[in-house]
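The primary structure of each chain is shown beneath.
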Amino acid sequence: MRDHHSPHREHGDGRDGFEKRPGRERGGRGPRVFAPGDLKLLLLALIAEQPCHGYDLIRQIEGMFDGAYSPSPGVIYPTLTFLEESDLIAGDAEGGKKRYSVTDAGRLSLSEQAIALDGVRMRIDVSKRSLRGHDRPAEIHEAVHNLRHALQMHHGRWSPEEILRVRDLLNDTAKAIVDGPAVQSAQEKAE
């Protein structure tokens, strides 16, 4: 078990509770974008909006993520097969490519899962912002991870003074990041 409270550890060595983390998770495949069941519901909703081909669905989802994520055919087509076998969509082969449309059972399923679909769309927005963050340098990812870890180490024990101290630290840091080096240099020269 690691000692997260030892002051004699060097920052970043993994023994002080702050760890260097690679930018990607789950074996290098990147972060998980959809929770279980989300993709099925999203595909059903997209097909209900407009009948389309699997490739069109891939492009639509890629557009939802502003190009930061594109689902692979190896994820989309098995999910479409599942939806088709569940009689929620029907595939019509035209020109060698299946065009999918929603069935009555699919429409009923969507109406019953309207709240869940809202949750899927909300998680897409969160994932989109997170994926955009993967353009940040690894050092920034590590620092953000360290900040989250430091906040979690409080375990809910926040005194009113500590709340104000941490709030001010975080707000000052956010402002300094937004202002950038040009504003900081001008402030330093003025002092």
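Please read all numbers here as calculations on a predicted model, not as lab measurements.

Parameters at a glance
Residues numbered from 1 in each chain as written. Predicted model: local features only at pLDDT ≥ 70, side-chain atom pairs only at ≥ 80, totals over all residues. Heavy atoms only, no water. Axes fitted to C-alpha atoms, helices over the stretch in contact; angles between N-to-C directions. Helix = DSSP H or I, 4+ residues; strand = E, 2+ residues; numbered from the N terminus. Parallel < 35°, antiparallel > 145°, perpendicular 65-115°, else oblique. Left-handed = near helix turned anticlockwise from the far one by under 90°. Contact = heavy atoms within 4.5 Å. Nonpolar A, V, L, I, M, F, W, Y, C, P; charged D, E, K, R; others polar. Core = buried A, V, L, I, M, F, W, Y, C linked by side-chain atoms within 4.5 Å. Buried < 20%, exposed > 50% of the residue type's maximum accessible area, 1.4 Å probe, protein only.

## Topic: the packing of helix 2 (residues 54-64) against helix 3 (residues 73-85)
At step 1: As a packed pair, helix 2 and helix 3 sit with axes 10 Å apart at the nearest point and diverge in direction by 120°. With respect to helix 3, the axis of helix 2 lies oblique. The way helix 2 lies across helix 3 gives a crossing that is right-handed. When helix 2 is examined against helix 3, the residues Gly 54, Tyr 55, Leu 57, Ile 58 and Ile 61 are found in contact with a partner set consisting of Pro 73, Ile 76, Tyr 77 and Leu 80.
At step 2: For the contact of helix 2 with helix 3, the class distribution of residues is eight nonpolar, one polar and no charged.

## Things to note about the environment of Tyr 69
At step 1: Take Tyr 69: it is sitting in the loop between helix 2 and helix 3.
At step 2: Considered as a pair, Tyr 69 and Ser 127 are 58 residues apart in the sequence and their alpha carbons are 9.3 Å apart.
At step 3: If we skip the residues at most four places from it in the chain, Tyr 69 touches Val 33, Phe 34, Ile 61, Glu 62 and Leu 131.

## Here we look at the nonpolar core
At step 1: Membership of the largest hydrophobic core comes to 28 residues, with the highest contact counts inside it found for Phe 34, Leu 43, Ile 47, Ile 61, Phe 65 and Leu 80.
At step 2: In terms of residues, this core owes the most to one element, helix 1 (residues 38-49), which gives eight residues.
At step 3: Beyond its immediate stretch of four places on either side in the chain, Phe 34 contacts Leu 39, Leu 42, Ile 61, Phe 65, Tyr 69 and Ile 124.

Geometry only, nothing functional implied.
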